[in-house]
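Reading the structure
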Amino acid sequence: MITCRIYGTPVETGAVVDGLDDIVFETVSEESQPESRRFCYSLLDNDIVYGLGETMGGINKRKKSYVSYNTDDPHHRQSMPSMYGTHNFFVIDGEKSLGVFVDTPARVTFDVDINHSGVVSVLVESPNVKLYTITGEGAYDITKQFLNIIGQSFLPPLWAFGYGQSRWGYKNSKDIDKVVESYRNAKIPLDYVCLDIDYMDRYIDFTVNKKRFPNVKEYVSQKKNEGIHLVPIIDAGVKVEPGNETYDIGVQNGYFATNEEGKPFSAAVWPGMTHFPDFFQQAAREWFGNEYHKLTELGFEGFWNDMNEPSIFYSEYSTKQSKLDQVLNFLIPSRAEKQEGSKNNAYDDYHRFYHMVDGKRMNHHDVHNLFGGLMIRATGEGLSKLLPKRYLLFARSSYIGAHRYGGIWTGDNHSSFEMLRQNLWHMPALNMCGFLYSGADTGGFGGNCTRELMLRWLAFSAFTPLMRNHSALGTKKQECYRFERPEDFKKIIALRYRLLPYIYSEFMKAALHKDMYMKPLGFVYPSDETARRCDNQLIVGEGIMIAPIVEEGATSRQVYLPEEMIMVRFDGENFSEKKYSAGNIEVKIPLNEVVFFIRKDHAICVSKHLVQSTKDMDLWDVKKIGYDTTYDQYVDL
Ligand code: GLC
């Protein structure tokens, strides 16, 4: 049962779109409106709090506080209150269960049993909010009810489930050729390569640098024939560049967010001074979405959206101070940490520009958390018109609702086992909020990745829908073929490709049935206390449980089996199967192997042959492993 209480006059976020007839709407009438609102929910000792999407911390969100205020902060750490996205949905699960969705683009603080013991305290910094509460038969049922009202998740094409290579620093077609050639020589499958900002002409959106990519159209098609899609980045800020068509049309039509004086607001990002499209206006969304034709006409079919919090280095109002702040924070991370509470450098600037929201001029700060998600929407709606088939899109900043148009990645993490664990914790929480197509920068974006970390991370990413190796300029290069014994990397990525019939169909099934693709164990075994407390194993699709090694130096780990299961070991060629009864087992996992578990009475389909890209994959040329059953994983698309 779903109830929505409407306080004040909330902005329409577009998060809830379906099943409206089944929701009980109540308008809360009051004589005067407070500046902020607090909602409290009491917790029993045994309750678990699930959800909150892209927030730091474990599967159980208790004993921490979180701030929804989309922030570009590359110093990922457990104590950071805000990340890039806002996903205000959580479920309290225990003797009784309750789901809560706080639908507002304003800043929200969730104090989950930390400053207020035994309580989830939600502080909304606005009088205007829609508060959805959902009751049902436990966390899984409540989450499915929620997924049902926020609409179907984005469906990417098959190639988007292949392995992708990316790095900030690939400058030209020669660099890309090298990467592709090296993967092919090492016989490590690869489906796409991302183009970071250097492919553009001076970081100007919808341009391609002709010196670096001469004959780009032929190049894109040549790569596609080789089974490689090129996936260019598009940033939120449009460079201030009179004469550039995108810029000129944006200015002429009032499609950019405005400053105090009503002129386009200028803020510096990678290209220098930029204007931000006012994604709150439908006409601006249509214009920006259609600008992608400049790239789809060249043959591109997949994109990533970045800097869409929006990230601001400094602005027309804050040049000196913010620049200095940025540099100091970069040099002294502890200084950045002290500025926690997500009053980051851009915080003041977020009060200095405006959008047209449903015909009303609104300060950016009041609708901040929606900006990134609306860029995804503009892009997704544009691409669905421009391309006759499914596109790939993943973005950094998001709000619930944007999951219908694209996926997300979890931003600038770094090369550490802590971030690998965080990746595992993020996945089910993001799935709960509709973002099924998601993943992290495998191997870590910042810092230097070791061979051990990359192998362990790949063994986890082999199960995440988005499996992309991405790293920052200046870090140690981390393409798989650069490490010692690339054949070990091949084995792990080979598993991903052999499992693709399962991964792809389970993903599609989850999306079409408004379900989750990756779940905490507690969702599937709610009355098993050990399963509920387990935070280093996940259920993938209906039939698989994974228990990856996420600790540095470990060569084996304890795995909890809530029921009898078949353990599958993949050595690069063959799958070996062994049945275990419920309980704890100790499992050795060499660096170059992947182990996973098939749930009782489930069978899964795996490809019989390894291909170098999905272009050559026959999704029906499969064999069944696991239990002898008539269970059929396929759905008609
Ligand atoms: C941001 C993105 C990162 C990208 C970089 C350069 O930091 O999060 O993925 O490589 O910008 O475009």
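Residues numbered from 1 in each chain as written. Predicted model: local features only at pLDDT ≥ 70, side-chain atom pairs only at ≥ 80, totals over all residues. Heavy atoms only, no water.

1. Structural notes on the sheet that holds strand β24 (residues 441–442)
Read from one edge of the open sheet, nine strands run β23-β22-β21-β17-β13-β12-β11-β25-β24, paired in parallel fashion. Strands with a single pairing partner mark the edges of an open sheet, and in this sheet they are β23 (438–439) and β24. Alignment of strand β11 (residues 163–165) against strand β25 (residues 467–469), held across three bridges, turns out to be parallel. Note that in β25 the partner of glycine 164 across the bridge is arginine 468. (Pairing = 2+ DSSP bridges. Helix = DSSP H or I, 4+ residues; strand = E, 2+ residues; numbered from the N terminus.)

2. Notes on the packing of aromatic side chains
Overall, the coordinates contain 45 aromatic pairs when judged by the stated rule. Aromatic side chains tyrosine 50 and phenylalanine 523 sit 4.8 Å apart centroid to centroid with 90 degrees between the ring planes, which places their arrangement in the edge-to-face category. Note that tyrosine 50 is positioned in strand β4 (residues 48–51) and phenylalanine 523 in helix α14 (residues 521–524), a separation of 473 residues in sequence. Look at phenylalanine 523 and you get buried, because its relative accessible area is 4%. Summarising the aromatic geometry, the rings of phenylalanine 161 and tyrosine 437 are spaced 5.7 Å apart at their centres and angled 80 degrees between planes, so their arrangement reads as edge-to-face. With phenylalanine 161 in the loop between α1 (138–150) and β11 and tyrosine 437 in the loop between α11 (417–432) and β23, this pair connects stretches of sequence that are 276 residues apart. (Phe/Tyr/Trp six-rings, centres within 6.5 Å; stacked < 30°, edge-to-face > 60°. Buried < 20%, exposed > 50% of the residue type's maximum accessible area, 1.4 Å probe, protein only.)

3. Digging into the nonpolar core
If you look at the biggest cluster of nonpolar residues, it comprises 180 residues, and the most contacted ones within it are Phe89, Tyr437, Phe463, Leu499 and Phe596. Ranked by residue count, the leading element in this core is helix α13 (residues 486–512), at 15 residues. Built from parts of two domains, this core gets at least three residues from each of domain 1 (2–150) and domain 2 (413–428 + 451–464 + 475–513 + 535–637). Residues contacting phenylalanine 463, with those up to four places away along its chain left out, are Leu495, Arg496, Leu499, Ile503, Tyr517, Met518, Val540, Ile544, Ile546, Val594 and Phe596. (Core = buried A, V, L, I, M, F, W, Y, C linked by side-chain atoms within 4.5 Å. Domains from an automatic or database assignment. Contact = heavy atoms within 4.5 Å.)

4. Side note on the domain arrangement of the chain
What the domain assignment reports for the chain is domain 1 (2–150) and domain 2 (413–428 + 451–464 + 475–513 + 535–637). Placing the centre of domain 1 and that of domain 2 at their C-alpha centroids yields a distance of 32 Å. Taken together, the contact between domain 1 and domain 2 spans 11 residues of the former and 10 residues of the latter. Surface buried jointly by domain 1 and domain 2 totals about 810 Å² across both partners, of which 59% is contributed by carbon and sulfur atoms. A per-residue breakdown of the area domain 1 buries against domain 2 is headed by Ile59, His76 and Gln78, which together make up 57% of the total. Joining domain 1 to domain 2, the criterion identifies zero salt bridges. Linking domain 1 with domain 2 are four residue pairs in polar contact (both at pLDDT 80 or more). (Buried area = accessible area lost by both parts, 1.4 Å probe. Salt bridge = Lys/Arg side-chain N within 4 Å of Asp/Glu carboxyl O. Polar contact = N/O pair within 3.5 Å; in protein donor to acceptor, adjacent residues only side chain to side chain.)

5. Some thoughts on the site of the ligand
Surrounding the ligand, one finds 13 residues, the nearest of these being Asp196, Asp306, Arg396, Asp412 and His470. Interatomic distance of 2.5 Å between a side-chain N/O atom of aspartate 412 and an oxygen atom of the ligand. In the environment of the ligand, an oxygen atom lies 2.9 Å from a nitrogen or oxygen atom belonging to the side chain of histidine 470. In the complex, the protein chains occlude 98% of the 310 Å² of accessible area that the ligand would expose alone. When the residues that make up the shell around the ligand are grouped by side-chain class, the tally is eight nonpolar, one polar and four charged. (Near = heavy atom within 4 Å. Areas by Shrake-Rupley, 256 points an atom, 1.4 Å probe, with all protein chains shown as cover. Nonpolar A, V, L, I, M, F, W, Y, C, P; charged D, E, K, R; others polar.)

6. So, the pairing of strand β20 (residues 360–363)
In this structure, strand β19 (residues 354–357) lies alongside β20, joined through four bridges in antiparallel fashion. Paired with methionine 356 across the two strands is arginine 361, which belongs to β20. The loop that links β19 with its antiparallel partner β20 comprises two residues; one of these, aspartate 358, has a positive phi angle of about 50 degrees.

7. A closer look at the layout of surface pockets
Looking at the second largest pocket, its volume works out to about 270 Å³. Lining the second largest pocket are 20 residues, with Thr9, Val11, Asn128, Met362 and Asp366 positioned closest to its centre. Tallied by class, the residues present in the lining of the second largest pocket amount to eight nonpolar, six polar and six charged. (1 Å grid on protein atoms, 1.4 Å probe; cavity = no way out; pocket = protein on both sides within 12 Å on 5 of 7 lines; lining within 4 Å. Points joined across faces, edges and corners; volume = space filled by probe spheres on them.)

8. Focus on the pattern of salt bridges
Throughout the structure, instances matching the rule amount to 39 salt bridges. Linking arginine 451 and aspartate 488 is a salt bridge whose minimum nitrogen-to-oxygen distance equals 2.6 Å. On the criterion of sequence distance, the pair formed by arginine 451 in helix α12 (residues 451–461) and aspartate 488 in helix α13 is long-range, its members being 37 residues apart. Judged by relative accessible area, which is 18%, arginine 451 ranks as buried. Residues joined in a network through salt bridges with shared partners are Asp72, Asp306, Glu309, Arg396 and Asp412.

9. Examining helix α4 (residues 245–252)
Taken together, the buried positions of α4 are occupied by Thr246, Tyr247 and Gly250. Around the axis of α4, the buried residues are gathered within 95 degrees of arc, so they sit on the same side. (Arc of directions from axis to C-beta.)

10. A word on the side chain of arginine 599
Note on placement: arginine 599 falls in strand β33 (residues 594–599). Reaching out from arginine 599, the side chain makes a polar contact with the backbone oxygen of glutamate 542 at a distance of 2.9 Å. A distance of 3.1 Å separates a polar atom in the side chain of arginine 599 from a polar atom in the side chain of glutamate 563. Beyond its immediate chain neighbours, meaning those up to four positions away, arginine 599 contacts Val524, Tyr525, Ile539, Glu542, Gly543, Glu563, Glu564, Met565 and Tyr627.

11. Section: the packing of α12 against α13
Contact pair α12 / α13: the axes reach a minimum separation of 9 Å and the direction vectors enclose 10 degrees. It follows from the interaxial angle that α12 and α13 lie roughly parallel. Two secondary-structure elements touch here, α12 through Arg451, Met454, Leu455, Leu458, Ala459 and Ser461 and α13 through Asp488, Phe489, Ile492, Ile493 and Arg496. Within the contact of α12 with α13, the residues separate by chemical class into seven nonpolar, one polar and three charged. (Axes fitted to C-alpha atoms, helices over the stretch in contact; angles between N-to-C directions. Parallel < 35°, antiparallel > 145°, perpendicular 65-115°, else oblique.)

12. Things to note about the pairing of strand β31 (residues 575–580)
Pairing of strand β30 (residues 565–570) with β31, which is carried by six bridges, proceeds in the antiparallel orientation. Within the sheet, the bridge partner assigned to isoleucine 566 lies in β31 and is lysine 579. From the end of β30 to the start of β31, which pair antiparallel, there are four residues, and glycine 572 there has a positive phi angle of about 110 degrees.

13. Re the sheet that holds strand β15 (residues 266–269)
Sheet strands associate in pairs through backbone hydrogen bonding, adopting either a parallel or an antiparallel arrangement. In space, the four strands of this open sheet follow the order β14-β16-β15-β18, with antiparallel pairing throughout. Every other strand in the sheet has two partners, leaving β14 (238–239) and β18 (314–315) as the edge strands with one partner each. By the bridge criterion, two bridges tie β14 to strand β16 (residues 272–275) in an arrangement that is antiparallel. For lysine 239, the partnering residue across the bridge sits in β16 and is threonine 274.

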